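Chains, contacts and geometry: an overview
Each chain, letter by letter, is given below.
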Amino acid sequence: MKKQVLAFLGAALLMFTAVSSVSCDTAEPPQESVPQESENSVVTNPTYTYNDYLEESPSTWSPFNWKTDEDKYILSLTQMGLYDFILDESGEGYEMVWEMAASDPVDVTEQYAKSGKWPIPANATAGYAYKISLNSAACWEDGTPINADTYLYSMQQLLDSGNKNYRASDYTTGTLALINGYEFYNNDKAGKPIYRDNMVDGEYVHPFDTWEKGGDGVYTASGDPIVFTLDSPLTSLNGYSIQGWYEESGKKDFALCIEELRALADENGYVPVTDESISLLFSFTGSVHWGYEARKHLAAYVYYGDGEYTLVDWSKVGFLKTGDYEITLLLKNPVDLLLVKYNLTTNFIVKKDLYEQDKTAYATSTQSYMSYGPYKLVTYAAGKVMVLERNEGWYGYSDGKHPDQFAATTVNCAVITDREQALGEFIAGKLDRVSLSPGDMEKYKDSKFILYTPQDFTSKLSFNGDINALKKRETEGVNKSILAYKDFRKAISLSINREEFCNQCTATHEAGYGLYNYMYVCNPETGALYRENAAAKDALCKFYGVNNVAEITGYDPDTAKELFESAYNSCLKDENISETDNIVLELSVARDDEANRNVVAFINTAVQEAALGTPLEGRISIVLKADSKFYDNCKRGLTDIIISTWGGNAMDPFSLMECYCVNDKHYEYGFDGEKEFLTVTVDEEEITKTFTDWYIALSAGEYASAPLQRRINILAALEQGILEQGFTTPLYYRVSASLNGRKTQNATQTYVQNIGFGGMRYIKFVYDDEEWAAYVAESNNSFNY
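For clarity, every value in this text was computed on a predicted model and none was experimentally measured. (Residues numbered from 1 in each chain as written. Predicted model: local features only at pLDDT ≥ 70, side-chain atom pairs only at ≥ 80, totals over all residues. Heavy atoms only, no water.)

1. Some remarks on the sheet that holds strand 5 (residues 106–107)
Stated precisely, the cut-off is as follows: The rule for pairing is simple: two strands pair if DSSP sees at least two bridges between them. Going along the chain from the N terminus, every DSSP run of H or I of four or more residues is numbered as a helix, and every run of E of two or more is numbered as a strand. We call two residues in contact whenever any of their non-hydrogen atoms come within 4.5 Å of each other. Orientation is described by lines fitted to C-alpha atoms, with helices fitted over the stretch in contact, and by angles between N-to-C directions that extend from 0 to 180 degrees.
Strand order in this open sheet of four strands is 5-6-18-17, and the pairing throughout is antiparallel. The open sheet terminates on both sides in strands that have one partner only, identified here as strand 5 and strand 17 (319–323). Where strand 17 meets strand 18 (residues 326–330), four bridges bridge the pair, whose relative direction is antiparallel. By the bridge assignment, Gly 323 is partnered in strand 18 with Glu 326. Where helix 4 (residues 148–159) meets the sheet, its contacts fall on strand 17 and strand 18, and the angle it forms with strand 17 comes to roughly 170°.

2. Brief notes about the packing of aromatic side chains
The line we're drawing: Note on aromatic pairs: the rings of Phe, Tyr and Trp (six-membered ring only in Trp) are paired at centre separations within 6.5 Å, and the planes decide the class, stacked below 30 degrees, edge-to-face beyond 60, tilted for the rest. Per-residue accessibility, obtained with a 1.4 Å probe over protein chains only, is compared with the maximum for each type, and a residue is labelled buried under 20%, exposed over 50%, and partly exposed between these values. The rule is short: NZ of Lys or CZ of Arg within 6 Å of the ring centre and within 35 degrees of the ring normal puts a charge over the ring.
Under the criterion given, the structure shown has 44 aromatic pairs. Considering the side-chain rings of Tyr 195 and Tyr 270, the 4.5 Å spacing of their centres and the 45° angle between planes classify their relative orientation as tilted. Residue Tyr 195 is found in strand 7 (residues 193–197), and its partner Tyr 270 is found in strand 15 (residues 270–272); the two are separated by 75 residues along the sequence. The exposure class assigned to Tyr 195 is buried, which follows from its relative accessible area of 18%. With centroids separated by 4.8 Å and ring planes inclined at 80°, the aromatic side chains of Phe 543 and Tyr 544 adopt a geometry described as edge-to-face. Note on Phe 543: relative accessible area 16%, which makes it buried. Three or more aromatic residues joined by ring pairs make a cluster, and in this case those are Trp 61, Phe 64, Tyr 153, Tyr 355, Tyr 362, Tyr 369 and Tyr 380. One cation-aromatic arrangement involves Lys 665 over Tyr 166; the distance from NZ or CZ to the ring centre is 5.1 Å. Sitting over the ring of Phe 654, Arg 711 keeps its end group 4.0 Å from the ring centre.

3. Remarks on the pairing of strand 6 (residues 129–133)
One ladder, built from two bridges, connects strand 5 with strand 6; its direction is antiparallel. Residue pairing in the sheet places Val 106 in a bridge with Lys 131 of strand 6. Both strand 6 and strand 18 contribute to a ladder of five bridges, which runs antiparallel. Paired with Ile 132 across the two strands is Ile 327, which belongs to strand 18.

4. A short note on the sheet that holds strand 19 (residues 375–381)
The four strands are arranged 2-21-20-19 in an open sheet whose pairing can be described as mixed. Taken across any chain shown, the strands that pair with only one partner, and hence form the sheet edges, are strand 2 (49–54) and strand 19. Between one strand axis and the next, the sheet turns through 20° on average, direction left out of account. Looking at chain direction, strand 20 (residues 385–390) and strand 21 (residues 410–415) are connected through five bridges and run antiparallel. Looking across to strand 21, one finds that Met 386 is bridged to Cys 413. Relative to strand 19, helix 2 (residues 69–78) is tilted by about 145°, and along the sheet it contacts strand 2, strand 19, strand 20 and strand 21.

5. Details of the pattern of salt bridges
To keep it simple, the criterion reads: Note on definitions: salt bridges are taken to be side-chain nitrogens of Lys or Arg within 4 Å of carboxyl oxygens of Asp or Glu.
All told, the structure shown has 30 salt bridges when counted by the stated rule. With a shortest N-O distance of 3.7 Å, Arg 262 and Glu 259 are connected by a salt bridge. With a gap of three residues between them, Arg 262 and Glu 259 both fall in helix 8 (residues 254–264), about one helical turn apart. On the accessibility criterion, Arg 262 (43% relative accessible area) is partly exposed. Across the salt bridge formed by Arg 473 and Glu 586, the nearest N and O atoms sit 2.9 Å from each other. Of this pair, Arg 473 sits in the loop between helix 15 (467–472) and strand 24 (478–479) while Glu 586 sits in strand 28 (residues 582–589), and the two are 113 residues apart along the sequence. Residue Arg 473 is classed as buried on the basis of its relative accessible area, which comes to 18%.

6. Let's talk about the environment of Glu 724
Residue position: Glu 724 is located in helix 25 (residues 708–725). By relative accessible area, which is 33% here, Glu 724 ends up partly exposed. As for Glu 724 and Tyr 544, which are separated by 180 residues in sequence, their C-alpha atoms are 9.8 Å apart.

7. Regarding unusual backbone geometry
Phi is positive for Asn 180, which is not a glycine, with a value near 65°. Mapped onto the elements, Asn 180 comes out in the loop between helix 5 (169–172) and helix 6 (181–185). Among the residues examined, Asn 180 registers a relative accessible area of 23% and is labelled partly exposed. In this model, Phe 406 sits at a positive phi of 55°, which is unusual for a non-glycine residue. On the secondary structure map, Phe 406 appears in the loop between strand 20 and strand 21. Residue class for Phe 406 comes out buried when judged on its relative accessible area of 1%.

So far we have only geometry, and geometry alone does not tell us how the molecule works.
Here it is in structure tokens:
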């Protein structure tokens, strides 16, 4: 299968982002370095070192637990997926090839459907089961063979409930969710009760007028216990603030109520509905208040018991060894062959003996990790440097299928946190590429060495909208509660001129208005982009109130003024702000540097200007807070605003919605995807589900294999629905700018979908190490770019 190059914002940027961000333009014509012979000389093989850098040090490069691009850097050079993308013969498009696999997946759905041993529909003919032959030449760097047992052991460890690996979700709830993978992952819950949401698709599973009191609790008509959690309904019941009721009544301290309820909860935070818990929950009324109204308020927020978790044996999980060099995947939901291959371009295997030595420390040092890709890790000094050398045991150097690929003999990657230092080392010839900051663009924007790399990431403001969490962060005269009001959050959004923001605060990023940018492909067979689909365009037009996407600016200071005033009046009426309070909101960033200071200053000025002429004039300040753990703290309700970024999996935009709809994934504290509902028109029928249930239905449920346009329509409705909630607002689509050094050249000057500009696979060297050292010396350790 081949696909052609897309335009500038064409498609996914994959694993070699940092390395592929280099230019193929050189000051001198490309030349091959050939060792010269003489009667008195000894011929030596030239060496080719690529000098790279990261701004942060990876914490782990375990295939089970990597999270960041920095974590993925080492993996990208030391492993191979079952399949991968390479340039096609034209050099202007891509095609998929076998790497750790020996052939394409073979659909064997009918075989397993007919067996009756697996929960696959008996009449299924495709999409549920795939057999994959493995590359028998693959081995670890020490020569240990990689076979089906390697994959079987690794998958079992990845999903083991005792390990709770970050990447387990790829095979428990993701596109390649395995049969019983999720259940096996939850074996640590065996014997514990299963609680299910009482509200499904906008309807009560057990209507509140059928509940029965008995013994020590409240039960469904079928005798299952009714419970609620410490997260809700404590914040609100049917739109009313429980905390507000407590404060109005003055009969009991809300914080004390929470602590007393916590004492009644089980280890997973479930509180049984009993006279005692209801009395605590509604004690502001001065009575137990158990009756119709209490049940009505609680009904949408409770869970009902549905048996217990049971132990699932590994033999029941849909990952099978079906030959010494053959595995078979049995999937919970049907998946197209192309998406199976795409999702297997990253790998998950670990080396058993190293992993068993210390599972938590695997891939955190050279001693705890081993390669099976083109390079091997020989040096790792946290926060300083990583050195990778050619892995001579890699099959690709001898199989005849990888000519002129992975030319670098060594990759030196330093950790350089200071951008000016990185630029200085690049100018001196010590680095082979450098990322540009906004301040660099005026000088280098016309350089023939500059390269612009579109990325599949959207950066956005993520707000804390939980009034209880915000109140805890307030001090005398400083208000944060107003951020819980949707109108205030939307006013901030409309205050920001995104075009100006990108021009002033970023090197190359483009103004962003949707959760998805123009990199996402909704039809892998044709390469059609989601953002260009009529449904996706219509969703943004409806949200921004325009008729055409060309009219979208996201900037409307007049409406922002109205919303600031509306939010203030509501907050004042609710007694959540005083007439003299100042609003001080912290925008948490990783570090206090010039780039982040410029970002915060721009947003602060924009908001203050939009508030002119309103009761909030001169009373709003957005300030920078340096916090290296701001992502973690955001999920704990300990931030006001952050700039969060989501992207990846650009060939499967449906799966990305997990990052916005699933509570333990998104960064919008106060938004509960399991409790907020969205009504979507599907084939002229209005259907209501929670955001979480819509994501599940779209990725793994009844719409996972629906006609493509129907899935796109639902995805677009979900995107609009998330934007309407106002907990997040897009700022920009990420595009990086970099300079390429004179030592190397790329395979292509045009960005190619799934390939970038060639990356380490295709990089060519104009100079070997000896020649480059001489050239640097001749240039007095300084180059003009």
